[in-house]
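Observations on the three-dimensional arrangement
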Number of protein chains: 6
Amino acid sequence: MHIHLINPNTTAGMTATIRDAGIAIAASGTRVTASQPDSGPVSIEGHFDEAISAVGVTEEIMRMDRESPADAYVIACFGDPGLLAAREITRAPVIGIAEAAFHMAALISTRFSVVTTLGRTVIIAEHLLDQYGFSHQCRRVRAAEIPVLDLEDDGDRALEKIIEESCRARDEDGIGAIVLGCGGMANLTETISREVGLPVVEGVTASVKLAEALVGLGLSTSKVGDLAFPRAKTFTGQFSHLSGLEPAQ
Amino acid sequence: MHIHLINPNTTAGMTATIRDAGIAIAASGTRVTASQPDSGPVSIEGHFDEAISAVGVTEEIMRMDRESPADAYVIACFGDPGLLAAREITRAPVIGIAEAAFHMAALISTRFSVVTTLGRTVIIAEHLLDQYGFSHQCRRVRAAEIPVLDLEDDGDRALEKIIEESCRARDEDGIGAIVLGCGGMANLTETISREVGLPVVEGVTASVKLAEALVGLGLSTSKVGDLAFPRAKTFTGQFSHLSGLEPAQ
Amino acid sequence: MHIHLINPNTTAGMTATIRDAGIAIAASGTRVTASQPDSGPVSIEGHFDEAISAVGVTEEIMRMDRESPADAYVIACFGDPGLLAAREITRAPVIGIAEAAFHMAALISTRFSVVTTLGRTVIIAEHLLDQYGFSHQCRRVRAAEIPVLDLEDDGDRALEKIIEESCRARDEDGIGAIVLGCGGMANLTETISREVGLPVVEGVTASVKLAEALVGLGLSTSKVGDLAFPRAKTFTGQFSHLSGLEPAQ
Amino acid sequence: MHIHLINPNTTAGMTATIRDAGIAIAASGTRVTASQPDSGPVSIEGHFDEAISAVGVTEEIMRMDRESPADAYVIACFGDPGLLAAREITRAPVIGIAEAAFHMAALISTRFSVVTTLGRTVIIAEHLLDQYGFSHQCRRVRAAEIPVLDLEDDGDRALEKIIEESCRARDEDGIGAIVLGCGGMANLTETISREVGLPVVEGVTASVKLAEALVGLGLSTSKVGDLAFPRAKTFTGQFSHLSGLEPAQ
Amino acid sequence: MHIHLINPNTTAGMTATIRDAGIAIAASGTRVTASQPDSGPVSIEGHFDEAISAVGVTEEIMRMDRESPADAYVIACFGDPGLLAAREITRAPVIGIAEAAFHMAALISTRFSVVTTLGRTVIIAEHLLDQYGFSHQCRRVRAAEIPVLDLEDDGDRALEKIIEESCRARDEDGIGAIVLGCGGMANLTETISREVGLPVVEGVTASVKLAEALVGLGLSTSKVGDLAFPRAKTFTGQFSHLSGLEPAQ
Amino acid sequence: MHIHLINPNTTAGMTATIRDAGIAIAASGTRVTASQPDSGPVSIEGHFDEAISAVGVTEEIMRMDRESPADAYVIACFGDPGLLAAREITRAPVIGIAEAAFHMAALISTRFSVVTTLGRTVIIAEHLLDQYGFSHQCRRVRAAEIPVLDLEDDGDRALEKIIEESCRARDEDGIGAIVLGCGGMANLTETISREVGLPVVEGVTASVKLAEALVGLGLSTSKVGDLAFPRAKTFTGQFSHLSGLEPAQ
């Protein structure tokens, strides 16, 4: 089984963090690869960054489906950028790390809180909770107020602030679990869980296991109705290579 | 990894169906066992049957935790009887097949319908959809109007009716996937999917893969707050063996 | 008119408290009786206790329906354990004290808060508020952090803590009424209301009056559809006496 | 105990129907009276009629509180016109027949449908279901398409159409009970229930019993916060008699 | 284009404030007039005041439609009293200032808070948010605890308290905009926005622009279905002039 | 005042239709311009098309803000692609035609239905209704099953099918208004409204008027919190021109 992780931002260091986390958690028979798009933002910290990164996410999936089709894809940014678009263009299951983390947290606790990076991304998580149906299970989306790339560049300080905010969540929110709200936190799960004393759910690792589950079940994105392959059509300009797109398989 | 499936009704034939489905879907390193309670209804077709069966579910988990602790437990009846009670009494993750099927269906389609056995159980599925947050993703809960044990005793006729209702769901509900609403349908997934032409999600198999996922992630039921072990206390009468219950650890 | 109150836990002292409260509030033509199951937990403080106690609740209703059928039954634990199961097995109306209190509080205030016993039972009340449709009317479910049996064994201290928490609710929640979240508080309504200066709604007394109302209206549980009598079937083991159950009437 | 029913429209015949239904259902110790405002519409079939009738409703309550204070008031029109305004101006409990019917129907069934008069009033019932929290329990609000006064003037034909629509509700909606959506149907409950074969909940009778319940519990409208007596102030013109209004106490 | 603003209370000074704000914001081709009813409360601070004022609102619209029909009407009290009634009785669009403010705030921010006058009116705004669908976009309804007429009589102190509460909203609620919750604040928008440093949405001005928008689009209240003209009928007493009401056009 | 309409697809003929509709509806002092991106799909009929077109939408806004800043922008595709991203990158208000149409329809009716192009886009409208809070006001999203470009290439046939579906909505959905679900229908409003006999709300025209309203109010996108300008950062590859983006103003 081959699971391909797409880091929607273009910071290779973060792709490595994500890949390592994915490989570490994968079952013995699962091959995990990871890549980031050539084009896009180096970090994703708002709706604009999300919108741009969605293009790279879909390009990566189409490239992989042509070159080396994976059995499942993971979108490793907590806003799940391009998730439904990605599901349209491939037959393979596609999982976003936010949804994966919410699903898993809901299975081990009655209530959880999210700890994410910057305050301005809280709204993105709240919209996803609403859309996916988990807003009742989530007590609060909290921000540690760290820029995404600080996870790379100033890791110790970032970790400290995440732990502080997670402790506040534990003490004030009446929760049973913490969800980490950024793909760049994929290597921090264990430390945070130990420090905070609560189960900590992280989306990259959760996605890999959910992807294994779906593939194991023989389930892939429904191609009937809403998520059928896009209608082939002309694209212009820098997107003209998408014209008359035919599904890879 | 050891996953134990509990058939909440006491019909051994259905336990076998469930066990076989679980074994067939499990990863190579996963051992799947199954049992049913000694005491309880032979089928579960309403709230009363659910309430009685919840006792057997928790008894089976406590027995297993004493005798041969599994890494995860699955409650293989579509009403998820005793789910939160079960989560209190063990450290291992516990998954209900209704929730498992809903989670998986939400990952491969934007909208699904449920096809269950008797009309009187529709309300049970609707309550679960509300509680778990999936009521917006589910277009409709439909009943094929077959008693649960007909799945055992009159399998061909039952299968035919389930396929008929699933086709109606496909044609009328605007959906991308079908969820099968009974543990006794665990062996029918492939046939129904082929006949209906839609992905079909079945809860026993979905639960086994979700259990593997949770165990792989090192996640288990949060013991902080709502799902902490029950407070030790006296039970009377036929339940006196539960007095002063100490978690198996 | 005969209303029978079932204390779902097996503590006789609490049954007496409940019975006394019921008798005190009943109309002159109403006979109120009360009992507790022979088997079950001495207090109910979580999902596991709820699940076990649901058996006793249904057993008591079936026993009464055979021996001395009441015109209505009340389930006198704030989690309403076994409520829908109970409605299936009898023709008489069955009322849970949590739902009764919510209904009454919604008639005299626009917003209320619940003050219950232990923090771990908050989630049970929240689930009921969602299921019954009162989550918008309830500002907050609060716990006084007293074990249920302290209401019996350390009554003064318990009362003090409930009053303290109720005062916090009054001062912080923007509410017009308090709902008491435990059947064992049935005798405290007046004192708390006087101390807190808000209407206080208590479920045992509310249930008795709602039961009188339903019986007076000639309304009983609908036997068409979801709450029809359970299908007769075989039960095994300690529940074999339930086999082929025929409704009492 | 004295319960006063206010027919918000000014048709005396309908007041008589409502009074008779109230008297017939009241407990032996309960005195039931009824009146309609001097001023207002002869029937209520839309938002405008509702708005005008709300004035008469509050005037009647203030008049009664001055002349012959009742222990509880019932607003006997299915749109519950002026309900929250009425609760502000009196210490006594005030119950609307729509809310009363919804509360009672929710206690005896998991799902109900409403059968009301004209299609244009469906929206009023839907708004109330949302506001009170019962929209999930109600499958559908249906109209028999009869003007309100036909219940007085062409009773047999009206009854026939209500029964027809109720039968459609029974056959198509998957429900356990019918709610009658007009105070003028207060005398039809029994006939409709017999013809349709489902429990039928009617609001006037339900309100009387709920009022008895509240009064029996010693509960009345919370005067803390949202429903406190209106602030005394100047009113002008035809409403100048409301200036400096002091609660009747 | 002629837009008529109705101040639902009978304080002429407030009508002037509202008129001035409307004239100042109107497009060059728009004529703005304003009036208050002859009869009604001098301020609106609760459900009772709302109910009474709804009569005046509809009377003013009917009078205008007879004498000098406007192209659109605005109900300039934050509870939108009589809104749906008003929509029934005229073909022209009718806009409430609460709904107008919510609509506009939702277009420029993801989350807003409301700052209104007295705590007892918070519930009115919350009900409107629910009914209109904006409860998710509104973080909190706050009260500055000033009586409505203080806006006229003690303007500086009132302004100060509104600014204080708005600053608290800005600092604590995680919002992008403030909605002012009273028609009497129509002249304070600019000052408050400058002091608080957030966009401030005020309903009177928002309504005028929304009215211009609707009229410009050729859209008016749908006369098919729910909001069709009221059925002509007899009214009695002080409302007898409404008998056999025929739409103005 | 200058309002710029962005046709998110790259079909110039559709841009002309949108521009003409915008100019026709604009107030006398309003200048309306329109453009489409150089790069993107020729029509938008699913999530993938939406994701790609969001890039062009934001590029057009940034180009305009550099070259000829408009006072407001309109995104003229019914999925509102890139709406929140667009709001981040400009100080001017940005309005999507779906949200505009929903807001306007909610002001003139209690319930509306949407008639859109292809069945696969229904889910997009449903997600927007949920996110914006209008799902209760919308009875049903219907598809006429016409590809978007048929509006250009086979206009008569397309119009016929839209009218047919709108008539079904009128007859079956209990609605007061129709919302047209595609920017390419901007020139059909009048014809459809006349044929169907209901108010018809179309998003391009609605957006122009809402934009005029916001600009007239001096309101623009809140730059505090969620919609603040994106953090300046490095973009790579084909998006490198976005690096260190500074707001135009």
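Scroll up to find the structure.
Presented here is a report on the structure given in the accompanying data block. (Residues numbered from 1 in each chain as written. Chains lettered and ligands numbered in written order. Predicted model: local features only at pLDDT ≥ 70, side-chain atom pairs only at ≥ 80, totals over all residues. Heavy atoms only, no water.)

1. So, a negative patch on the surface
Worth spelling out the cut-off: In this scheme, patches are assembled from residues that exceed 30% relative accessible area and form no salt bridge. Like charges are connected within 9 Å, while nonpolar side chains (Val, Leu, Ile, Met, Phe, Trp, Tyr) are connected within 5 Å. What sets the accessible areas is the Shrake-Rupley method with a 1.4 Å probe; for residues, cover comes only from the shown protein chains. Whenever a carboxyl oxygen of Asp or Glu lies within 4 Å of a side-chain nitrogen of Lys or Arg, that contact is scored as a salt bridge. In this count, Lys and Arg are taken as positive residues and Asp and Glu as negative ones, while His and the chain termini are left out. To locate a charge, take atom NZ for lysine, CZ for arginine, CG for aspartate or CD for glutamate. The secondary structure listing takes helices from DSSP runs of H or I that are at least 4 residues long and strands from runs of E that are at least 2 residues long, numbered from the N terminus.
Together, A:Glu152, A:Asp153, A:Asp154 and A:Asp156 make up a region of like negative charge exposed at the surface. Within the fold, A:Asp156 resides in helix H7 (residues 155-172).

2. Some details on the sheet that holds strand E2 (residues 31-35) of chain E
Residue and element names in this part refer to chain E. Selection rule: Note on pairing: DSSP must find at least two bridges between two strands before they are called paired. Lines fitted to the C-alpha atoms define the axes, with helices restricted to the stretch that makes contact. Angles between their N-to-C directions range from 0 to 180 degrees. In what follows, a contact means two residues having at least one pair of non-hydrogen atoms within 4.5 Å.
If you walk across this open sheet you meet the four strands as E2-E1-E4-E5, and the pairing is parallel. At either end of the open sheet lies a strand with only one pairing partner, and these are E2 and strand E5 (94-96). This sheet shows a mean twist of 20° between the axes of neighbouring strands, independent of strand direction. In the sheet, strand E4 (residues 72-75) pairs with E5 via three bridges, with the strands oriented parallel. By the bridge assignment, Ile 75 is partnered in E5 with Gly 96. Taken strand by strand, helix H4 (residues 97-108) contacts E4 and E5, and its axis lies near 75° from that of E5.

3. So, the interface of chain C and chain E
Quick note on the threshold: Put simply, buried area is the surface a 1.4 Å probe can reach on two separate parts but cannot reach once they are joined, added for both. Under this definition, polar contacts are N or O atom pairs within 3.5 Å; protein pairs additionally need one hydrogen-donor-capable and one acceptor-capable atom, and for neighbouring residues in sequence, both atoms have to be side-chain atoms. Side-chain classes are defined by residue name, with Ala, Val, Leu, Ile, Met, Phe, Trp, Tyr, Cys and Pro counting as nonpolar, Asp, Glu, Lys and Arg as charged, and the others, Gly among them, as polar.
Contacts between the two partners involve four residues from chain C and, on the opposite side, four residues from chain E. The junction of chain C with chain E conceals about 340 Å² of combined surface from both sides, 42% of it contributed by carbon and sulfur atoms. Remark: the boundary between chain C and chain E carries two salt bridges. Notably, a salt bridge pairs C:Arg111 with E:Glu126, separated by 3.0 Å at the nearest N-O pair. Applying the counting rule to chain C against chain E returns two residue pairs in polar contact (both at pLDDT 80 or more). A class-by-class count of the residues in the side of chain C that touches chain E yields no nonpolar, two polar and two charged.

4. A look at the relation of the copies chain C and chain E
One copy of the chain maps onto the other through a rotation about an axis followed by a shift along the same axis. Let me state the cut-off plainly: When the copies are superposed, the least-squares fit draws on C-alpha atoms of residues that have pLDDT of at least 70 in both.
Between the two copies, chain C and chain E, the superposition gives an RMSD of 0.0 Å; the rotation angle is 120° and the shift along the axis is 0.0 Å. Within this description, the copies of the chain are treated as partners about a three-fold rotation axis. Considering only C-alpha atoms, the part of chain C nearest the rotation axis is C:His136, at 7.2 Å.

5. Here we look at the side chain of E:Gln137
Stated precisely, the cut-off is as follows: Accessible area is worked out with a 1.4 Å probe on protein chains only. A residue is then buried under 20% of its type maximum, exposed over 50%, and partly exposed in between.
Examined against the element boundaries, E:Gln137 turns out to sit in the loop between helix H5 (122-132) and strand E7 (138-143). Judged by relative accessible area, E:Gln137 falls into the buried class, the value being 8%. In this view, E:Gln137 contacts E:Ala106, E:Thr110, E:Arg111, E:Phe112, F:Gln131 and F:Tyr132; residues no more than four positions away in its chain are not counted.

6. Some words on the packing of aromatic side chains
Residues and elements named next belong to chain F. For clarity, the threshold we go by: Any two rings among Phe, Tyr and Trp, with Trp reduced to its six-membered ring, count as a pair given centres within 6.5 Å; such a pair is stacked if its planes are under 30 degrees apart, edge-to-face if over 60, and tilted if neither.
Within the structure shown, the criterion is met by 33 aromatic pairs over all chains. With 6.3 Å between their ring centres and 55° between their planes, Phe 102 and Tyr 132 make a pair best called tilted. A residue pair is termed long-range when its members are at least 10 positions apart, and Phe 102 in helix H4 (residues 97-108) and Tyr 132 in helix H5 (residues 122-132) qualify at 30 residues. Like Tyr 132, Phe 102 is buried.

7. So, the environment of C:His47
For C:His47, the position within the fold is in helix H2 (residues 47-67). Looking at C:His47, the relative accessible area reads 10%, which means it is buried. Through-space distance from the C-alpha of C:His47 to that of C:Lys209 is 28 Å; in sequence the pair is 162 residues apart. Excluding residues within four positions of it along the chain, C:His47 makes contact with B:Leu84, B:Ala85, B:Glu88, B:Asp226, B:Leu227, C:Ile123 and C:Ile124.

8. Observations regarding the interface of chain C and chain B
Across the boundary between the two partners, chain C contributes 47 residues, which contact 47 residues of chain B. Carbon and sulfur atoms make up 60% of the surface buried where chain C meets chain B, a total of about 3,900 Å² over both sides. A per-residue breakdown of the area chain C buries against chain B is headed by C:Phe48, C:Arg120 and C:Arg231, which together make up 20% of the total. Between the two partners, chain C and chain B, sit eight salt bridges. There are 28 residue pairs in polar contact (both at pLDDT 80 or more) connecting chain C and chain B. Within the residue set of the side of chain C that touches chain B, elements represented by two or more residues are strand E3 (40-41), H2, helix H3 (83-89), helix H5 (122-132) and strand E10 (235-236) of chain C. The dominant element in the side of chain C that touches chain B, judged by the number of residues it contributes, is H2(C), at 10 residues. For the side of chain C that touches chain B, the per-class residue count stands at 23 nonpolar, 15 polar and nine charged. As judged from the two bridges shared by strand E10 (residues 235-236) of chain B and E3(C), these two strands associate in the antiparallel manner. Pairing of B:Phe235 across the sheet is with C:Pro41, part of E3(C).

This is a description of form; function is not addressed.
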